[in-house]
Amino acid sequence: MQTVSDITILDEPEVDLIDYMGTDADICDAARVSTNANVTISDIAKDRGLINYLMEHKHGSPFEHNSMKFYVKAPIFVFREFHRHRIGFSYNEMSGRYTELPADFYVPSLKRPLVNFGTSARPEYRLPQGEEEINEHARLHMIVNTDFIDVYTFAWEKYKHMLSEGIAKEVARDVLPVGIYSQMYVTCNARSLMHFLSLRIEDLSARYPSHPLYEIQQVALKMEELFKNQFPITYAMFIKNGRVAP
Ligand SMILES: Cc1cc2nc3c(=O)[nH]c(=O)nc-3n(C[C@H](O)[C@H](O)[C@H](O)COP(=O)(O)OP(=O)(O)OC[C@H]3O[C@@H](n4cnc5c(N)ncnc54)[C@H](O)[C@@H]3O)c2cc1C
């Protein structure tokens, strides 16, 4: 984090698990109701087998009887992609109409690839290799850093100027770029989250590898870690079955 004039520069998202309901055992419980199986004490080995079976045969509904409520702080261009996930997701986002937006802006870190080594149709992003590419990456990163901050500073000054003149927040905010951070609550269940993770994390060993935007992947990776902690068996079987949501 760095502060330039009145604005704060960030290069990562923030993701916290605010609340949750359910465990791996609840997923098994939901599946066992169909056979009226009266298993009161969870047996880890049996639960693993059952969850693997459900995942492999795409019996998805037992994975819906739980929920995870996340707080996500990320740039608006990430939220645009996030909100395309419609099924099994609930959203509430900070309003630029009702509140003065915080001056938090995104500038890519040195870890973010800047050049497409593939084609437009088949993009390929990777970190620089060898001295020449590393030097070029450092040069491009300086350009990105300077140009982003110049634009953000100018836009923020105009936003504040309009507010000081009495122009409504919902009008003044129109000049702010999509690199400004927003904040939201996202609530989903294990099934909808696995679908999101399958699309928003690149894993070349997945059955259907996806090639998501770097910045939404940073959010997804943090969500995946929280999911793994809360539903370790479900997560293990998701990975075992090629990262395909049931
Ligand atoms: C790498 C990548 C690149 C992308 N590029 C683009 C792009 O260039 N332009 C663009 O516009 N979007 C793009 N997207 C967004 C993408 O098209 C989806 O909107 C987004 O991934 C959400 O997926 P989803 O619809 O499966 O999810 P959800 O909305 O959560 O839906 C989950 C599932 O429910 C079912 N479903 C939901 N709605 C319907 C419906 N109306 N009819 C039938 N079944 C339904 C489907 O089975 C769907 O998979 C991209 C996504 C990725 C991951």
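Just so it is clear, the structure is predicted and the values come from calculations on it, not from any experiment.

K.L.:
I'm lost on the site of the ligand in this one. Help?
P.N.:
Taken together, Arg-84, His-85, Arg-86, Ile-87, His-195, Leu-199, Arg-200, Ser-210 and His-211 form the complete shell of residues around the ligand. Note that an oxygen atom of the ligand is positioned 2.8 Å from one of the side-chain N or O atoms of Arg-84. One nitrogen or oxygen atom from the side chain of Arg-86 is found 2.8 Å from an oxygen atom belonging to the ligand. Coverage of the ligand by the protein chains reaches 45% of its 940 Å² of free accessible surface. In terms of residue class, the shell around the ligand is made up of two nonpolar, four polar and three charged.

K.L.:
What exactly am I supposed to notice about the side chain of Glu-224 here?
P.N.:
Tracing the backbone shows Glu-224 in helix α7 (residues 214-230). Within the local environment of Glu-224, its side chain forms a polar contact with the side chain of Tyr-235, the two groups lying 2.8 Å apart. Setting aside chain neighbours within four positions, we find Glu-224 in contact with Leu-197, Ile-201, Tyr-235, Phe-238 and Arg-243.

K.L.:
Can you help me understand the UniProt feature "binding site: dUMP" (unreviewed entry) in the protein in this one?
P.N.:
Sites flagged by UniProt as "binding site: dUMP" (unreviewed entry) map to Glu-81, Phe-82, His-83, Arg-84, Glu-93, Met-94, Ser-95, Gly-96, Arg-97, Arg-173 and Arg-200. These annotated residues cover 120 residues of sequence, and their C-alpha atoms reach 29.3 Å apart at the extremes, leaving them scattered rather than at a single site. Mapped onto the elements of the fold, Glu-93 is located in strand β5 (residues 89-93). For Glu-93, the contacting residues outside a window of four places in its chain are Phe-79, His-83, Ser-182, Gln-183 and Met-184. Tracing the chain through its elements places Arg-200 in helix α6 (residues 190-200). With residues near it in sequence (within four places) discarded, Arg-200 still touches Glu-81, His-85, Pro-212, Ile-216, Gln-217 and Ala-220.

K.L.:
Please explain the packing of helix α2 (residues 44-56) against helix α8 (residues 232-240) as it appears in this structure.
P.N.:
When two helices pack together, their arrangement is given by the angle between the helix axes and by the axis-to-axis distance. The interhelical angle for the contact between α2 and α8, taken along N-to-C directions, is 45°, at an axis separation of 9 Å. It follows that α2 is oblique to α8 by the angle criterion. Seen from above, α2 lies across α8 with right-handed handedness. Counted together, Ile-44, Asp-47, Arg-48, Ile-51, Asn-52 and Met-55 of α2 and Ile-233, Thr-234, Met-237, Phe-238 and Lys-240 of α8 form the full contact between these two elements. Of the residues in the contact of α2 with α8, the class split is six nonpolar, two polar and three charged.

K.L.:
Help me understand the sheet that holds strand β2 (residues 7-10) in this model?
P.N.:
The strands making up a sheet associate through hydrogen bonds between their backbones, and the pairing can be parallel or antiparallel. Strand order in the open sheet formed by three strands is β1-β2-β6, with mixed pairing between adjacent strands. Both edges of this open sheet fall to β1 (2-4) and β6 (104-106), since each of them pairs with a single strand only. On average, each strand axis in the sheet is inclined to that of its neighbour by 35°, with strand direction left out of account. Across the sheet, helix α4 (residues 130-164) lies against β1, β2 and β6, angled at about 145° from β2, the strand it touches most.

Conventions we followed
- Residues numbered from 1 in each chain as written.
- Predicted model: local features only at pLDDT ≥ 70, side-chain atom pairs only at ≥ 80, totals over all residues.
- Heavy atoms only, no water.
- Near = heavy atom within 4 Å.
- Polar contact = N/O pair within 3.5 Å; in protein donor to acceptor, adjacent residues only side chain to side chain.
- Areas by Shrake-Rupley, 256 points an atom, 1.4 Å probe, with all protein chains shown as cover.
- Nonpolar A, V, L, I, M, F, W, Y, C, P; charged D, E, K, R; others polar.
- Helix = DSSP H or I, 4+ residues; strand = E, 2+ residues; numbered from the N terminus.
- Contact = heavy atoms within 4.5 Å.
- UniProt positions renumbered as here; feature names shortened; annotations may be inferred.
- Axes fitted to C-alpha atoms, helices over the stretch in contact; angles between N-to-C directions.
- Parallel < 35°, antiparallel > 145°, perpendicular 65-115°, else oblique.
- Left-handed = near helix turned anticlockwise from the far one by under 90°.
- Pairing = 2+ DSSP bridges.

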